[in-house]
Amino acid sequence: MNIKQCPLCRNDVVQGTAMFSAELGDGVLVVRNVPAVICPVCGNKWFDHDTMLKLEAVADNARSRHALVEIITFDAA
Ligand SMILES: [Zn+2]
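Residues numbered from 1 in each chain as written. Predicted model: local features only at pLDDT ≥ 70, side-chain atom pairs only at ≥ 80, totals over all residues. Heavy atoms only, no water.

### Quick look at the coordination of the zinc ion
Here is the rule: Here a donor is any nitrogen, oxygen or sulfur atom (N, O, S) within 2.8 Å of the metal, with 3.2 Å used for Na, K and Ca; water is not among the atoms considered, so some sites may look incomplete. Every geometry call rests on angle ranges, with four donors termed tetrahedral when all angles are between 85 and 135 degrees, four termed square planar and six termed octahedral when opposite donors are over 155 degrees apart and all others are between 65 and 115, and everything else termed irregular.
Protein coordination of the zinc ion is provided by Cys6 (SG), Cys9 (SG), Cys39 (SG) and Cys42 (SG), with donor distances spanning 2.2 to 2.3 Å. Coordination at the zinc ion is tetrahedral, judged from the four donor atoms that bind it and the angles of 100 to 124° they form at the metal. Linear spacing of the donor residues for the zinc ion on their chain is C-x2-C-x29-C-x2-C.

### Considerations on the packing of aromatic side chains
Just so we agree on the cut-off: Only Phe, Tyr and Trp rings are paired, with Trp represented by its six-membered ring, and only when their centres lie within 6.5 Å; those with planes under 30 degrees apart are stacked, over 60 edge-to-face, the remainder tilted. Strands are runs of DSSP state E lasting at least 2 residues, helices are runs of H or I lasting at least 4, and numbering of each runs from the N terminus. Accessibility here uses a 1.4 Å probe with only protein chains present; expressed as a share of the type maximum, an area under 20% marks a residue as buried, one over 50% as exposed, and anything in between as partly exposed.
Overall, the coordinates contain one aromatic pair when judged by the stated rule. Their ring planes at 75° and their centres at 5.9 Å tell us that Phe20 and Phe47 sit as a pair that is edge-to-face. Separated by 27 residues along the polypeptide, Phe20 in strand E1 (residues 14-24) and Phe47 in the loop between strand E3 (45-46) and helix H1 (49-64) bring together distant segments of the chain. Here Phe20 and Phe47 have matching classes, each one buried.

### What to know about the nonpolar core
Put simply, the rule is: The criterion is simple. A nonpolar core is a set of buried Ala, Val, Leu, Ile, Met, Phe, Trp, Tyr and Cys residues joined through side-chain atoms within 4.5 Å.
In terms of nonpolar packing, the biggest core is built from 15 residues, with Phe20, Leu29, Val31, Val34, Phe47 and Leu55 touching the most fellow members. Counting only elements with at least two residues in this core, the list comes to E1, strand E2 (27-38) and H1. For this core, the leading source of residues is E2, giving five residues.

### Observations regarding H1
Owing to its 3.6 residues per turn, the α-helix brings residues three or four apart onto one side. For the record, the criterion: Given a helix with a known number of residues, its expected span is that number minus one, times 1.5 Å. What the arc measures is the spread of directions leading from the helix axis to the C-beta atoms. The contact criterion used throughout is that any non-hydrogen atoms of two residues lie within 4.5 Å. Polar contacts here mean pairs of N or O atoms no more than 3.5 Å apart (in protein, one a potential hydrogen donor and the other a potential acceptor; neighbouring residues in sequence count only if both atoms are side-chain atoms).
Over its 16 residues, H1 extends 22 Å from the first C-alpha to the last, a length consistent with the 22 Å expected when each residue adds 1.5 Å. Along H1, the residues that are buried comprise Thr51, Leu55, Ala59 and Ala62. Seen end-on, H1 carries its buried residues on one side only, within an arc spanning 75°. What points out from H1, more than 90 degrees from its buried face, is the exposed set His49, Asp50 and Ser64. On its buried face, H1 sits against E1, E2 and strand E4 (69-73). For H1, the N-terminal capping position is held by Asp48, with its side-chain oxygen 3.3 Å away from the main-chain nitrogen of Asp50.

### Observations regarding the side chain of Glu70
Locating Glu70 in the fold gives a position in strand E4. What makes Glu70 buried here is its relative accessible area of 15%. At 2.7 Å, the side chain of Glu70 and the side chain of Arg65 are in polar contact. Dropping the residues within four chain positions of it, Glu70 is found in contact with Val28, Leu29, Val30, Ala62 and Arg65.

Shown next as C-alpha cells:
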C-alpha cells in the first residue's frame, strides 16, 4: 500500500491497525487488529491487497460455518 496522503483530506496517513467488519448474510464478522494505513484526521483506512485476501478467506470461512457473530483478532502470519 503506497498511500502517503489521504485522498479525501490531504493529510499524511500513518501505519496502524484497524477493525474490519463485514456482513455475512445472516451474520456479522469483526476482525480486530488488522494492519492498515489510516488517516488520523478523517479516520479513513486502507488495507493492502494481501490483507484483503486474508480477510476474504476469513469471511468465507465464517460464512461457510453460518457464524452469527464472529469476532477474531487478525493473524498476520
Ligand atoms: Zn483523511
